[in-house]
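Report on the structure
Now for the letters of each chain:
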Amino acid sequence: NLMLVCRSWHDLIRETPEFWRNVDVIEPLSILSTFLARSSRCTIDVRIFDPIRGDEPPSQAAIALVLPHAWRVRSLYVNLKHQDMALIVPFLEAGLSALQTVEIIPIRDHCLDSDCTDLGLSGTKQPFLRSLVLKEVFVPPPARFWRTLRCLKLYSYPLTLTSVGDHMAIEDLLLVLRSMPMLQ
């Protein structure tokens, strides 16, 4: 721990927001509050995941604590069970104007098309998204969502033959990919 080197280093690290920008949505809430407060106004990288011990997923209170900072979220990493994915919808609905990277990998071995999650990703709410990694999550229709993407990885994409509602068929997805010259 660098804060233990000397008093000068302790003060420097404590007062430098960039050292506190990696925020795990965990409990106790006091730790989460410390990271949010010390990261000040810099962008933050948020991880929301099921604990290794197999405990409950993050509480509504932990999510509610981070939600007012949604405008600062630069990257969002989510590793929850499908049934817990609803926890992150408030983030995506709040609009993440600083968001550049999203990785959503549900904890499951596989999914049926009907089990895939629709999180309501949107180009208007995540306007500067550069990197998107999804597993078993529906992607939005092309509109403006795709224009800023540079990296796209889709795992276990639901293979539907026709578009249904806001969910794209695989053929539609291939057309979008062909029209994205900036995609790496």
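Residues numbered from 1 in each chain as written. Predicted model: local features only at pLDDT ≥ 70, side-chain atom pairs only at ≥ 80, totals over all residues. Heavy atoms only, no water.

1. Quick look at the sheet that holds strand β4 (residues 101–104)
One open sheet accounts for six strands, arranged β1-β2-β3-β4-β5-β6; its pairing is parallel. The open sheet has two edge strands, β1 (22–24) and β6 (151–155), and neither has a second partner. When strand polarity is set aside, the average angle formed by the axes of neighbouring strands in this sheet is 10°. With six bridges connecting them, strand β2 (residues 44–49) and strand β3 (residues 73–79) associate as parallel partners. Bridging from a neighbouring strand, F49 pairs with N79 of β3. Most of the contacts of helix α2 (residues 29–38) go to β1, to which it runs at about 155°, and overall it touches β1 and β2. (Pairing = 2+ DSSP bridges. Helix = DSSP H or I, 4+ residues; strand = E, 2+ residues; numbered from the N terminus. Axes fitted to C-alpha atoms, helices over the stretch in contact; angles between N-to-C directions. Contact = heavy atoms within 4.5 Å.)

2. Brief notes about the pairing of β2
Of all six residues in β2, five are buried; the element is thus mostly enclosed. Crossover β1 to β2 through α2 is right-handed. (Buried < 20%, exposed > 50% of the residue type's maximum accessible area, 1.4 Å probe, protein only. Right-handed = clockwise from strand over helix to strand, strands pointing away.)

3. Points about the side chain of R21
Here R21 shows up in the loop between α1 (7–15) and β1. For the buried R21, no salt bridge is present, and the opposite-charge side chain at shortest range is D45, 4.4 Å distant. At a separation of 2.7 Å, a polar atom in the side chain of R21 contacts the side chain of T43. Ignoring sequence-local partners within four residues, the contact set of R21 consists of S39, C42, T43, I44, D45 and R74. (Lys, Arg positive; Asp, Glu negative; His and termini not counted. Salt bridge = Lys/Arg side-chain N within 4 Å of Asp/Glu carboxyl O. Polar contact = N/O pair within 3.5 Å; in protein donor to acceptor, adjacent residues only side chain to side chain.)

4. Quick notes on the nonpolar core
Judged by nonpolar contacts, the single largest core of 37 residues is most densely connected at I48, I88 and I104. Within the residue set of this core, elements represented by two or more residues are α2, β2, α3 (60–66), β3, α4 (89–94), β4, β5 (131–135) and α5 (170–178). Once residues within four sequence positions are removed from consideration, I48 is found in contact with V25, P58, I63, L76, Y77, V78, N79, L80, I88 and F91. (Core = buried A, V, L, I, M, F, W, Y, C linked by side-chain atoms within 4.5 Å.)

5. Topic: the packing of aromatic side chains
Here a ring pair, both rings aromatic, is described through the centre-centre distance and the interplanar angle of the planes. Inspection of every chain in the model, using the stated rule, returns one aromatic pair. A ring pair is formed by W20 and F35, whose centres lie 5.0 Å apart and whose planes are at 70°; its orientation type is edge-to-face. Highlighted residues: W20 in the loop between α1 and β1 and F35 in helix α2, separated in sequence by 15 residues. In this structure W20 comes out as buried when scored by relative accessible area, which is 9%. Taking the ring centre of W20 as reference, the NZ or CZ of R38 above it sits at 4.8 Å. (Phe/Tyr/Trp six-rings, centres within 6.5 Å; stacked < 30°, edge-to-face > 60°. Lys NZ or Arg CZ within 6 Å of the ring centre and 35° of its normal.)

6. A few points about a nonpolar patch on the surface
Taken together, the side chains of L2, V5, W9 and F19 define a hydrophobic patch exposed on the protein surface, amounting to about 400 Å² of accessible area. Note on placement: L2 falls in the segment before α1. Given a relative accessible area of 45%, L2 falls into the partly exposed group. (Patch = residues over 30% accessible without salt bridge, like charges linked within 9 Å, V, L, I, M, F, W, Y side chains within 5 Å. Areas by Shrake-Rupley, 256 points an atom, 1.4 Å probe, with all protein chains shown as cover.)

7. Details of unusual backbone geometry
Phi at S40 takes a positive value of approximately 55°, unusual for a residue other than glycine. Looking at the secondary structure, you find S40 in the loop between α2 and β2. With a relative accessible area of 38%, S40 lands in the partly exposed category.

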